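Descriptive analysis of the structure
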Amino acid sequence: LEHARGEYVYFMDNDDLLVENALETLYDFAQAYRADVVYMEKVFDCDEEPVPKKFTVTAWIHTKTFVEEPTLENDDIAERVQMFLNASFCWAPWEKFVRRDLLVDNNITFPKTAIFEDVVWTFELLCSAKRWLRVPTPLYVWRNNTSSVFRRTRSPESTISFYTSPLIAGADCLDEFMCSREFFKQNPAVRLQVLNFFVNMQFGYMAQAFDKLDATEAYEIFLREFSKVGSTQPALISYLLVMTNLYRNELSK
């Protein structure tokens, strides 16, 4: 878009598609509502064929209600954080058309993690955007790729390592961001809720792998991963993570 060059940013996966005039439509939405973020609640879903023939409209499974026309989201940060904790917004960057200055002014970047960097990114957008526009129009075509990084089959050891990456970088990024915001300074309980939500997400995806490893094996994997990134307390952190999982299992019985 020549007239929008440098004004807005859009990210998409390299194996997906956009419908014709999608960027023009998103830009028109952004201009009409002076939106910092234009959020597509629905997208098209298709198979893995190079030229897909069948398209269906799909949506983020945690969204309870959908808008029927472009609608500005409430700007109350407490309400937005609660919606984040309820997983009411899709994490995927390609559902969002973002004003570039919003990213630059708030230093919003993707943390260097193997996965779930988009969760952190979306949280920072929700807390920073004054005008968040929800639109019902599906403009993105998501290719249902069974060999994606997220869906790839891994050994229990590789699974623990994979989800340790967001634990290391993602949690720190979230906490650093919240430390810079007055809302979270005044509401430390909410700050802890956000961290708990994010860490529990990683433990949830590790659960089956944990069941196939004993405590010593899990400890060694954590120790290696935290040592690799230069943690000053890798043994203590690894021990606490393993013990946390053991206690969680005991409480769930």
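You'll find the structure just up there.
Residues numbered from 1 in each chain as written. Predicted model: local features only at pLDDT ≥ 70, side-chain atom pairs only at ≥ 80, totals over all residues. Heavy atoms only, no water.

**Considering the pattern of salt bridges**
Within this structure, the stated rule accounts for 7 salt bridges. Here Arg-134 ties to Glu-41 by a salt bridge, and the two come within 2.5 Å at their closest N and O atoms. Residue Arg-134 is located in strand 8 (residues 132–135), and its partner Glu-41 is located in the loop between strand 3 (37–40) and strand 4 (42–46); the two are separated by 93 residues in the primary sequence. Residue classification places Arg-134 among the buried positions, given a relative accessible area of 12%. Classification of Glu-41 as buried rests on a relative accessible area of 3%. We note a salt bridge from Arg-99 to Asp-101, for which the minimum N-O separation is 4.0 Å. For Arg-99, a relative accessible area of 24% gives the class partly exposed. Residue classification places Asp-101 among the partly exposed positions, given a relative accessible area of 40%. One salt-bridge network, held together by shared partners, links Asp-36, Arg-99 and Asp-101. (Salt bridge = Lys/Arg side-chain N within 4 Å of Asp/Glu carboxyl O. Helix = DSSP H or I, 4+ residues; strand = E, 2+ residues; numbered from the N terminus. Buried < 20%, exposed > 50% of the residue type's maximum accessible area, 1.4 Å probe, protein only.)

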